[in-house]
Structures are given as C-alpha cells and as structure tokens.
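Spelled out, the chains give:
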Amino acid sequence: MAEQWLKPYGDTLDDGRVQLSFTLPVALDEQAREAARQLAAMMGLDEAAVVHAEDMGQGFSFYIVYGQCRHRVDLAAIKVSRPDYARLDKDGVDRLISEKMGRKMVVVGACIESDAHTVGIDAIMNMKGYNGHKGLESYHQMRAINLGAQVDSEDLVVRAIEEKADVILVSQVVTQKNIHLDNLTRLADLLEAEGLRERVILIVGGPRISHELAKELGYDAGFGSKTYAEDVASFAIHEWIKRTARQKGVHHVGN
Amino acid sequence: MTRLHLDQRQIDRARESARRIAGAVRAQMEPYTTTSVERATLRLLGVDGVDENGVPLPNRLVEHLQAEDLLAHGAAPVVIGAMLEQQSTVQQVAEAVAAGTLRLRRPANAPLVRAACDEEAGKRCAQIAAQRAAREAVIASFGEVRTPWLYVIVATGNIHEDVKQARAAAEQGADIIAVIRSTGQSLLDYVPYGATTEGFGGTYATQENFRLMRAALDETADRVGRYIRLTNYCSGLCMPEIAAMGAIERLDMMLNDSMYGIIFRDINLQRTFIDQFFSRMVNAFAGIIINTGEDNYLTTADACEAAHTVLASQLINEQFACLSGLTPEQMGLGHAFEIDPEMTNGFLWEVAQAQLVRQVFPAASLKYMPPTRHMTGNIFRGHLQDALFNVVSALTQQNIHLLGMMTEAIHTPLIQDRFLAVQNARYVFNTLRDLHAEVEFKRGGQIERRAQAVLDETGHLLARIEEIGLPAAIGQGVFADIARRPDDGRGLDGVLAKADDYFNPFPRLMLPGGH
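Residues numbered from 1 in each chain as written. Chains lettered and ligands numbered in written order. Predicted model: local features only at pLDDT ≥ 70, side-chain atom pairs only at ≥ 80, totals over all residues.

Of the regular secondary structure elements, chain B holds 20 helices and 11 strands. Relative to a compact globule of 515 residues, whose C-alpha radius of gyration would be 24 Å, chain B shows 23 Å and is just as compact. Overall, chain B is about 70 × 55 × 40 Å in size when its C-alpha atoms are taken along their principal axes. Taking all 515 residues of chain B together, 56% fall into the buried category. A separation of at least 24 residues holds for 76% of the contacts in chain B among residues at least 6 apart in sequence. (Helix = DSSP H or I, 4+ residues; strand = E, 2+ residues; numbered from the N terminus. Rg over C-alpha atoms; globule rule 2.2 N^0.38 Å. Buried ≥ 20, exposed ≤ 12 C-beta atoms within 10 Å, placed from the backbone. Contact = placed C-beta atoms within 7 Å.)

Turning next to the overall build of chain A. Looking only at helices and strands, chain A has 7 helices and 10 strands in total. Counting every position in chain A, which comprises 255 residues, the buried fraction comes to 39%. If you take every contact in chain A between residues at least 6 apart in sequence, the share linking residues at least 24 apart comes to 66%.

This part is about the domain arrangement of chain B. Residue and element names in this part refer to chain B. Examined at the domain level, chain B breaks down into domain 1 (32-122) and domain 2 (145-447). The C-alpha centroid of domain 2 is placed 35 Å from the C-alpha centroid of domain 1. Tallying the contact residues gives 15 residues for domain 1 and 17 residues for domain 2. Of all the elements in the fold, those that place two or more residues in the side of domain 1 that touches domain 2 are strand E1 (32-34), helix H2 (35-45) and helix H3 (57-67). Looking at the side of domain 1 that touches domain 2, its residues break down into 7 nonpolar, 5 polar and 3 charged. (Domains from an automatic or database assignment. Nonpolar A, V, L, I, M, F, W, Y, C, P; charged D, E, K, R; others polar.)

This part takes up the interface of chain B and chain A. Opposite the 18 residues of chain B that make contact, chain A presents 17 residues. Elements represented by at least two residues in the side of chain B that touches chain A include exactly helix H7 (159-172), helix H12 (297-300) and helix H16 (415-431) of chain B. Sort the elements by how many residues they give to the side of chain B that touches chain A and H7 of chain B lands first, with 4 residues. When grouped by side-chain class, the residues that make up the side of chain B that touches chain A number 5 nonpolar, 10 polar and 3 charged.

Adjacent strands of a sheet form backbone hydrogen bonds with each other and so pair up, either parallel or antiparallel. All names here are of chain A. One open sheet accounts for 3 strands, arranged E2-E4-E3; its pairing is antiparallel. Where the open sheet ends on each side, the last strands, each with one partner, are strand E2 (17-24) and strand E3 (45-57). On average, adjacent strands in this sheet sit at an angle of 15° to one another, irrespective of strand direction. Bridge analysis of E3 against strand E4 (residues 60-69) gives 9 bridges, and the strand direction is antiparallel. (Pairing = 2+ DSSP bridges. Axes fitted to C-alpha atoms, helices over the stretch in contact; angles between N-to-C directions.)

A few words now on the sheet that holds strand E6 (residues 105-111) of chain A. All names here are of chain A. Strands sit in the order E7-E6-E8-E9-E10 across an open sheet of 5 strands; the sheet is parallel. Two strands bound the open sheet, and with one partner strand each, they are strand E7 (142-146) and strand E10 (221-223). Ignoring which end each strand starts from, the neighbouring axes of this sheet average 20° apart. Direction of pairing for E6 relative to E7: parallel, over a ladder of 5 bridges. Looking across to E7, one finds that Gly109 is bridged to Asn146.

This part covers the pairing of E4 of chain A. Relative to E4 of chain A, E2 of chain A is paired through 8 bridges, and the arrangement is antiparallel. Residue pairing across strands places Phe22 of chain A opposite Tyr63 of chain A, the latter belonging to E4 of chain A.

All names here are of chain B. Viewed as axis vectors pointing N to C, helix H14 (residues 346-360) and helix H18 (residues 446-468) meet at an angle of 55°, and their least axial separation amounts to 9 Å. As summarised for this structure, H14 and H18 are arranged oblique, according to the angle between their axes. Considering how the two elements wind past one another, H14 and H18 form a crossing that is right-handed. Every residue of H18 that contacts H14 at Leu348, Trp349, Val351, Ala352, Gln353, Gln355 and Leu356 is listed here: Gln446, Ile447, Arg450, Ala451, Val454 and Leu455. Considering only residue class, the contact of H14 with H18 consists of 9 nonpolar, 3 polar and 1 charged. (Parallel < 35°, antiparallel > 145°, perpendicular 65-115°, else oblique. Left-handed = near helix turned anticlockwise from the far one by under 90°.)

Residue and element names in this part refer to chain A. Mapped onto the fold, Lys104 is located in the loop between helix H2 (90-100) and E6. Note on Lys104: 16 C-beta atoms within 10 Å, which makes it partly exposed. Distance in space between the C-alpha atoms of Lys104 and Gly195 is 23 Å, their sequence separation being 91 residues. Setting aside chain neighbours within four positions, we find Lys104 in contact with Gln141, Met142 and Arg143.

All names here are of chain B. The end-to-end C-alpha separation of helix H15 (residues 379-395) is 24 Å, in line with the 24 Å expected for 17 residues at 1.5 Å each. Within H15, the full set of buried residues consists of Gly382, Gln385, Asp386, Phe389, Asn390, Ser393 and Ala394. For H15, the elements touching its buried residues are strand E9 (367-369), strand E10 (400-402), H16 and helix H17 (435-438). A positive backbone phi angle near 55° is found at Gln397, which sits one or two residues after H15. (Expected span 1.5 Å × (residues − 1).)

A word on the nonpolar core. Membership of the largest hydrophobic core comes to 168 residues, with the highest contact counts inside it found for Leu61, Val79, Ile176 and Ile177 of chain B. With 9 residues, helix H11 (residues 269-285) of chain B is the single largest residue contributor to this core. The residues contacting Val79 of chain B, other than those within four sequence positions of it, are Leu42, Leu61, Val90 and Val93 of chain B. Core analysis: the next-biggest nonpolar cluster, separate from the first, contains 51 residues, Ala144, Val173, Ile209 and Ile237 of chain A among them. (Core = buried A, V, L, I, M, F, W, Y, C linked by C-beta atoms within 7 Å.)

Residue and element names in this part refer to chain B. With 17 residues, helix H13 (residues 307-323) extends 25 Å between its outermost C-alpha atoms, agreeing within 8% with the 24 Å of an ideal straight helix rising 1.5 Å per residue. Most of H13 is tucked away, with 15 of its 17 residues classed as buried. Directly beyond the C-terminal end of H13, a positive phi value near 90° is found at Gly325.

Looking now at the domain arrangement of chain A. For chain A, the assigned domains read domain 1 (5-75) and domain 2 (90-254). Domain 1 of chain A and domain 2 of chain A are separated by 40 Å when their C-alpha centres are compared.

Let's shift gears to the confidence of the model for chain A. In low-pLDDT segments, the atomic positions of the prediction should not be examined closely. Mean pLDDT over chain A: 89, with 95% of residues reaching 70 or higher. Note that residues 251-255 of chain A has pLDDT below 50 and, in this model, 0 contacts with residues that lie over four places away or in other chains. (pLDDT = per-residue confidence, 0-100.)

For residues other than glycine, phi is negative in most cases, and the peptide bonds are mostly trans. With omega at -5°, the peptide bond leading from Thr147 of chain B into Pro148 of chain B counts as cis. Relative to the helices and strands, Pro148 of chain B resides in the loop between helix H6 (110-142) and strand E2 (149-154). Of note, Lys164 of chain A is a non-glycine position whose phi angle comes to about 50°, a positive value. With a phi angle near 50°, Gln87 of chain B is a residue other than glycine that sits in the positive phi range.

Along the chain, Ala306 of chain B falls in the loop between H12 and H13. The spatial distance from the C-alpha of Ala306 of chain B to the C-alpha of Val454 of chain B is 9.1 Å, given a sequence separation of 148 residues.

This part is about the environment of Gly74 of chain B. Residues and elements named next belong to chain B. Looking at the secondary structure, you find Gly74 in the loop between H3 and helix H4 (75-86). Between the C-alpha atoms of Gly74 and Val37, which are 37 residues apart in sequence, the distance is 9.6 Å. Not counting chain neighbours up to four residues away, the residues in contact with Gly74 comprise Tyr502, Phe503 and Asn504.

When pLDDT is averaged across chain B, the result is 95; 99% of the residues are at 70 or more. In the model output, the complex is listed with pTM 0.86 alongside ipTM 0.85.

What follows is the structure, given as structure tokens:
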C-alpha cells in the first residue's frame, strides 16, 4: 500500500506545529524557562518556543510552549481494531434478540470501584439515553439493570450471577493515576476466578477506553466516546450469536 | 439591584409547604436515636482513640451499650454515671470498657447524673464556642473576603500531600479548601483514626487529618492575609460524628445534605433523617456553614426538566436546617450550571435559575457548582464553559463558588488545571464586578418567564410532596430520578427507639432556645 506520511498541521502542510503546556516543580526564573524549552526540544519539537511562563507560587511554574514536531507517521500502515458488528437501530436489535435468543437479553451495568461518575453508564443504559439515542432500558428485548456508581467488583459479579446476566457493562470515566486499569483488571480476574468469564459478554466503556485496550485487559469490547446504546446493543447481540454458534459447533463434535 | 419580578406569595406558599414537610419528618423521627448519634455524643464528651485492633473507642462503647441493652437510655447518662462512680474521666471509662475491665449499667441516681452530663457537656460546648469565637476573631482581623468565595478541592489521598496542594491553592487565590474523602468512606460505620496517607480518589476524614489541615491553613492565612476556610464531608453513616470532629477542630464548612445519603448512597432514610438533624445542630452551634447537594440531582436528571426539583429540595433543606438551628448565612444551598451547552439560549436558563435561587434565599450562602455532566475531553471548550459559569455566578451574586476545572471529564485536577481555573474565575469576577448593579432583567422577558415557570412547578411539586409525605415522595424517585424506600438502604440496624428516660445533654445546650 502507498505510504501516507502524516504530521501535525498549523497553517502549512507538514509544518508540524503543536502546542503543549505543563508545570515544572521549580520557581520561575531564566534557568527554569530554558529547562522548559529544552524539555520541549527533547519531546521532538524543533524551534520550541516558550510563549508564556508564569510563577505559580510554592515553588512551581507554568509554561505554554509551541514548536514543530519532528516526527511523522505512516497513516497507511496503521491498523486500529474495532469491535466487529453490524450497527443496527433499536428496533433492529430488538428483532434480532427475539429471533435468535427467544428471550430477553440481560445486561447488568455499573461504574465500578472508585468511579463515581455515572454519566457514561447512564447515557448507555438509562431510558432517556443521550443525544436522542434511547438507552438500553428502553429496549423491549433487554432487561437492563444499572447498578450506578462506585459498585464493588464483587457486588457486580454477585448481581450478574443472580440476574443470569448475558452481558456485563462497566464504565470508567474519571481516573486518578490510572486507577481505572487496576479496577478493570480486577473485575476481569474475578469473573475468571468465578468461572464466569466464558459465559458473559464483558464490555467496557469510557472516554479513555479503546477497543485495543479493552482486549488487552481481557474484555470482549471497548467503546470510547461517541458511543450510543445501539452500538453496545448491536455488538452484544452479534457477539452472543457468534458464541452460541461456536458452542453449538463444539457440542456437535462432542457428540 | 437586578431583580426578577416573581410572585412573592407563591414563594411564601412553597416555603410553608416545605416547613410542614420537614416538620412532619422531624416529628416522625423524634422518638428515635441512632448508633452514630450516640457515638457523636461520646466524641463530644471527649471519647477518642482506638483499641488494639484499631476499632474506635466510641464504637466499642456503643457496641457495649447495645450488648448490655442500655443504649436506648442514651449513651451520655450511662457513661457519665460510670465516670462519677469510678471518679475518672469519660476517656478512662471508654478505655476500661474496651479493655473488658468495666461493665456499664444503668446509673443509680438519675438527677445527679443528668446534672453531671449537663456540666460535662457544658464544658465541651464552651470549647466549641471558643473555636467559633477564634474563627470570628481571625476573620475580623483580616476582614471578610469578597464573594463569590473561590472553593477548591484537594484529593491526593495523602494528608501531607493535601496540605501542600492546599497551601499552593490558597496562595493562588482559593478562599475555601475542601478535602475530598476517600471513596466509600460514607459507607463506613466508623470514623478512621489518625493521620492517613492512603486513600482512593480522596483522603480519609479523620480528626487528626482535620487538625493537620487546619494548622496548615491557619499558617497560610497569616502569609496570604486572609482566613482560609476548611471544608469536609459531614455525610454518610457517620454524619453526626464528623460534625462533632469538625466542631472540635474548627472546620468552617461541611457538606451536609438532608437527603443526599438516601438518594445517592442508598443509606437508610430514617437513619439519615435522624443523623442529619443531630449533625446540623452541631454544625449550627459551631458556626459551620453547611453545603447541600442539590447539584447532584442534575448529574442524573436533566438540568432543564428537573430545575424545579432543585428548588423544591433547597426549600426542604432550608427547613430542616431551621429545625436544627442553622441561620440563613449558614445555609450553603447547592445548585449547578449543568444545562447542555448545545441548547439554544441555555445560558439564559442558567441565569434564570441562579437568579431565582438568589431571590428565593436572599440571605443564604448559596453554593454554586460548575459544569460536570457536559464537560468533555475538549479542554478548550471546557475552559469556556467554566468562564460562562463564572459569569453567572458574578451576575447573580452567588456566595460559595466551586471552581470549574477544564479537565473535569479527564482526571482529578493537575496543579496547572487548578491554577488556570483560579485565573479564569478571578478574571471574570474582577471584570464583571458591578455588572449586576448595572443591568436589569427585561420585565416579562424570557429569563423572567423561565424563572416564574420553575417557581410554579416547584410549588406544585411541594404541594404533592406535602400530601404524600417526603418518604413516599423519595420512594417515587422525585429527586434525581432515583427511588428509595423507608426500610431499604444501609444503616437501618443502627436506628433504635429511645426509652422513656432517654437523655442527651447536647440538644438543650446547642439548639437555640433549648430542646
């Protein structure tokens, strides 16, 4: 495939112009300012210029830097993994569930552990949904149970067992020192330990979640921002159909 | 003064409804106490510390009183009775019970014991009153800062790091420092002890952490030339105990909502209503400004559609606060700038709501909360949303202004996020300082009509709540679209009926005009 080299654009193709801002844990003086410039240069910026520097008190200083990025990437060589599904609308999902499952699909969702931000899980699950896209609660062929914020992974697993969940949906919105990765890993480990991992479709969503990251953490799919209920629902039913077919296959061989 | 023309009789009627709603709940809860109220009473009397397993002595004592079937008489007379008998201190009584060397029983001479309770409690109240006077003296010496006060959050998990960040924030211009609690502390049925360095998403509220931050902020106040107010969370299962600790350590503000725990933490309704009454009484006496949590409704319900539930809840919170002796200036009634930024004229509706709340509660220390729900990874737009929020706050003269962070939707604030947020607010407050006195709302204009419509709906909602009672209304999910039933939720096992001779010395000493 033809190479397609890419770098940031300011006002001329390939000028590489970028801005960044950061704090240094020293008071502002000429030395600190030069340190900020050198750091930017080491980050790959040519002609790095500190356009603003300010003392913040308590031995901290703040910098805004512009520069020209030296690096470039080949767009043609980049592969991004996405959850594999055909996107259906709400009625389409409902129809497919009733046709293939012959019962309601059970989805248990929560913001787990330290996360108190229910914006994401509510947008996907609650009746009202988000931006005119109705949530999973409004799907006739789904039983959507939103456990809300700060749910212990253990409690989520217990509830999933009680409800015979087909799908577990977790949301991680705000993170501190990447605690969301620990939270997500813990949940996946717990499901594994309970022998449930194969039985449930495990999905994670959040602004800093990519499908690739989700797969790495042992999830079936990851959804970032600009995801609506129908994305999650479409993936879930397609994944369910795929798995069921696979299990049936195994069953026949066993016979 | 810029004012909306609103129907004052309608406001009065809504407030009357709220008064009867709160009064009915109070009457229903009056025959009960809770384990946390009794533990708070013990803390106020001077019980502190933990046993060899790290269990707080107030918990050990109250568990002992429960086991001996004595708690319904009130912890104070039983423990003070033992103190008289042993000729010791309350702390020594607590230690002896924890060590298993003392078994408590009903005191023999009730009038004598009650008099001793009053005397001990009186001494402790004098200490709290002295803290209150000390605060007032320092504020008077520096002069009170101009409102809106800048309210900044620190949340590192480590109290020593919090101290550093709080000092930096104060130097940058913060007037109020709130130390966010560790995730889940609201559901602990005890208060952790000592200085703590590990927390998740926040730092444990402990008496020692309170003391460390207070000392640091007092020192910073001398340097920056203004009093820095300290805030913590008087909520969750230990609401009354946190109030006691805050009163002793001279905190200045407490998040202390009458219904938040029920709705958002699934804490039992009865437990919460009993605990909030006692905790607010302590806050009132200590001169602490409470902050209510109506802003949270708009994180689950739509800010436009649910605007009237915010005002209705504020009116109810106000009346509960009155019952506990809080003055209007001590009522930091909460609301928020949460309308979808994509909505045409959304800013007008924000102004309408903020001005409506300002006029309904003219003397309250209103707490205005920044956008959270519609903040995104686009920090540039976020900074602008925060600027518009700052404009509303200045224009409608809010009092307690929680700084909006452009990285709200990304992570807990980095140091530069806070720095830029302070600059944003100071810029807007300074450049718009007198705007509120220079412009008037158009008579019958869109803003006025919107405010009047919210007021109408509030009146209807309160009338409906009054008819069915607040617990039933909460059961129907009136607030935040979340429903809770009276016998559900955590902490119901800590609610117990008072015996006929139940005694607690503090209400008489702390409530204006006695119990």
